[in-house]
Amino acid sequence: MGLDPPLALASLSGESDAEWARAGDDYAGAAFLGGIAVDAESRAAVREMVADRDRDEFLPDDPLAWIDDQLDALVGSAVDLRAGVNVRATTPTAVRDAAAVCADHGAIVEVNAHCRQAELCAVGCGETLLSDTDRLSEYVATAAGTGADVSVKVRAEVQSVDLAEVAGAVADAGADAIHVDAMDSEGVVGVVKDAAPELVVIANNGVRGRRTVREYLAASADAVSVGRPSDAERVLRRVRAAVDEWTDEAEQPGVAAEAGPPEVGR
């Protein structure tokens, strides 16, 4: 499951729909829509988040129809992006149903083992899956059984979680990619790649320009993703230029990777 170019747009709750993805088509190779809660328990948690906090979230009446409609709008709009959908779920059945819709569109289903909001964790979504690799692996295997490509979105710096073990478990279960929010532990990207070299490793967090792109790719990431500033064209332009530079240099033996100057702003 390669990305060409090796740059993705990471999902942003309540923002990442087909229109958002199309806006980044000139720069990215993939875009993950969502996150979208796909079963009753996860949807109840999201409604609680919306009620208690100043948050934008996707809460369509029928989440599977929303996925289908958004992928129709994106895949059928002559963009070059590979589409994906980040899903929150409390059961493997819900993941399977969402994955089946993604498979029909040739899209990636991304299992959300990343969100850390208390409401989602209370019902067993998000980062709680990192501490329950048996359940996470069941989600992945069920999704893979639909024929969809499967990514797993994870985060570093979760207490008592070894992401190398998580990566190995989801690879064994049939995942194609692991999307790593490195937090402040950039070195974890290489650890994950070493643990599961067969996975496409997408590195996320702080990707703004040349320095971070080169740092992650030098650490053996296969691709990088842009999160919060994914709607900022100047950031996407800068990141894409850095990705292209790295790719060009990788085709020239003997050219060493090096970090660039720090990035500032969006």
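If you're wondering where the values come from, they're calculated on a predicted model, not measured in any experiment.

Definitions and limits used
- Residues numbered from 1 in each chain as written.
- Predicted model: local features only at pLDDT ≥ 70, side-chain atom pairs only at ≥ 80, totals over all residues.
- Heavy atoms only, no water.
- Helix = DSSP H or I, 4+ residues; strand = E, 2+ residues; numbered from the N terminus.
- Rg over C-alpha atoms; globule rule 2.2 N^0.38 Å.
- Contact = heavy atoms within 4.5 Å.
- Lys, Arg positive; Asp, Glu negative; His and termini not counted.
- Charge placed at Lys NZ, Arg CZ, Asp CG, Glu CD.
- Expected span 1.5 Å × (residues − 1).
- Buried < 20%, exposed > 50% of the residue type's maximum accessible area, 1.4 Å probe, protein only.
- Arc of directions from axis to C-beta.
- 1 Å grid on protein atoms, 1.4 Å probe; cavity = no way out; pocket = protein on both sides within 12 Å on 5 of 7 lines; lining within 4 Å.
- Points joined across faces, edges and corners; volume = space filled by probe spheres on them.
- Nonpolar A, V, L, I, M, F, W, Y, C, P; charged D, E, K, R; others polar.
- Pairing = 2+ DSSP bridges.
- Axes fitted to C-alpha atoms, helices over the stretch in contact; angles between N-to-C directions.
- Core = buried A, V, L, I, M, F, W, Y, C linked by side-chain atoms within 4.5 Å.
- Salt bridge = Lys/Arg side-chain N within 4 Å of Asp/Glu carboxyl O.
- UniProt positions renumbered as here; feature names shortened; annotations may be inferred.
- Polar contact = N/O pair within 3.5 Å; in protein donor to acceptor, adjacent residues only side chain to side chain.

J.: Provide a residue-level description of the overall build of the protein chain, including the pertinent values.
T.: Per the secondary structure count, the protein chain includes ten helices and eight strands. Computed over its C-alpha atoms, the radius of gyration of the protein chain comes to 17 Å, within 12% of the 18 Å expected for a compact globule of 266 residues. Across the protein chain, every contact between residues at least 6 apart in sequence was considered, and the portion connecting residues at least 24 apart equals 68%. When the 23 basic and 49 acidic side-chain charges of the protein chain are each reduced to a single mean position, those positions are 5 Å apart.

J.: Describe helix H10 (residues 233–250), listing the residues and the values that go with them.
T.: Look at H10: 25 Å from first C-alpha to last across 18 residues, which is about the 26 Å you get at 1.5 Å a residue. Taken together, the buried positions of H10 are Val235, Leu236, Val239, Ala242, Val243, Trp246 and Glu249. Down the axis of H10, the smallest arc covering the buried residues is 160 degrees, so these residues share one side.

J.: Give a description of the layout of surface pockets that names residues and reports values.
T.: In this structure, the largest pocket encloses a volume near 650 Å³. Lining the largest pocket we find 28 residues, and of these Ser11, Leu12, Ser13, His114 and Arg228 sit closest to its centre. Put simply, the parts of the chain that give the lining of the largest pocket at least two residues each are strand S3 (82–88) and strand S5 (149–155). Counted by class, the lining of the largest pocket contains five nonpolar, twelve polar and eleven charged residues.

J.: I'd love a proper account of the sheet that holds strand S1 (residues 7–9), names of residues and values included.
T.: Here we have eight strands rolled up into a closed barrel, ordered S1-S2-S3-S4-S5-S6-S7-S8, and parallel in their pairing. On average, each strand axis in the sheet is inclined to that of its neighbour by 25 degrees, with strand direction left out of account. Those strands touched by helix H3 (residues 63–75) are strand S2 (30–37) and S3, and its axis lies near 165 degrees from that of S2. Against the sheet, helix H9 (residues 210–218) makes contact with strand S7 (200–204) and strand S8 (223–226), and its axis sits at roughly 140 degrees relative to S8, the strand it touches most.

J.: Can you lay out the pairing of S3 for me, pointing to particular residues and giving the numbers?
T.: Counting buried residues along S3, six of its seven residues qualify, which places the element largely inside the surrounding structure. For S2 and S3, the ladder comprises seven bridges, and the chain directions are parallel. Of the residues in S3, the one forming a bridge with Gly34 is Asn86. As paired strands, S3 and strand S4 (residues 108–113) are joined by four bridges and run parallel to one another.

J.: Go over the nonpolar core with me, naming the residues and quoting the values.
T.: One finds Ile67, Val154, Leu163, Val224 and Val239 to be the most contacted residues of the largest nonpolar core, which totals 78 residues. Not counting residues within four places of it along the chain, the set of residues in contact with Val239 comprises Leu7, Val207, Arg208, Gly209, Val213, Val224 and Val226. Among the nonpolar cores identified, the runner-up in size contains nine residues, and Leu3, Ala8, Ala30 and Phe32 belong to it.

J.: Quick one: what's the story with the pattern of salt bridges, residue by residue and with numbers?
T.: This structure, assessed with the given rule, holds 16 salt bridges. Put simply, Glu57 and Arg55 hold a salt bridge, and the shortest N to O gap is 2.6 Å. A relative accessible area of 14% places Glu57 in the buried class. Arg55 gets classed as partly exposed once you look at its relative accessible area, which sits at 23%. A salt bridge links Arg214 to Glu245, with the nearest nitrogen and oxygen atoms 3.1 Å apart. Here the residue Arg214 occupies a position in helix H9, and Glu245 occupies one in helix H10, the gap between them amounting to 31 residues. For Arg214, a relative accessible area of 2% puts it in the buried group. When its relative accessible area of 27% is taken as the criterion, Glu245 is described as partly exposed.

J.: Please give an account of the UniProt feature "domain: DUS-like FMN-binding" (unreviewed entry) in the protein chain that cites residues and values.
T.: The sites that UniProt annotates as "domain: DUS-like FMN-binding" (unreviewed entry) are residues 86–233. Helix makes up 40% of residues 86–233 and strand 20%, whereas the separation of the span's terminal C-alpha atoms amounts to 22 Å.

J.: Explain helix H4 (residues 92–104) to me, and be specific about the residues and the numbers.
T.: Here H4 contains 13 residues, and its C-alpha end-to-end distance of 18 Å stays within 8% of the 18 Å for a straight helix at 1.5 Å per residue. Buried residues of H4: Ala94, Val95, Ala98, Ala99, Val101 and Cys102, and no others. For H4, the angular spread of the buried residues around the axis is 155 degrees, confining them to a single face. Buried residues along H4 sit in contact with H3, S3, S4 and helix H6 (133–144). Just beyond H4, the residue with positive phi is Gly106, at close to 65 degrees.

J.: Describe the environment of Arg53, with residues and values.
T.: Tracing the backbone shows Arg53 in the loop between helix H2 (40–52) and H3. According to the relative accessible area criterion, Arg53 is partly exposed, its value standing at 35%. Beyond its immediate chain neighbours, meaning those up to four positions away, Arg53 contacts Gln117, Ala118 and Glu119. In terms of polar contacts, Arg53 uses its side chain to reach the side chain of Glu119, at 2.6 Å.

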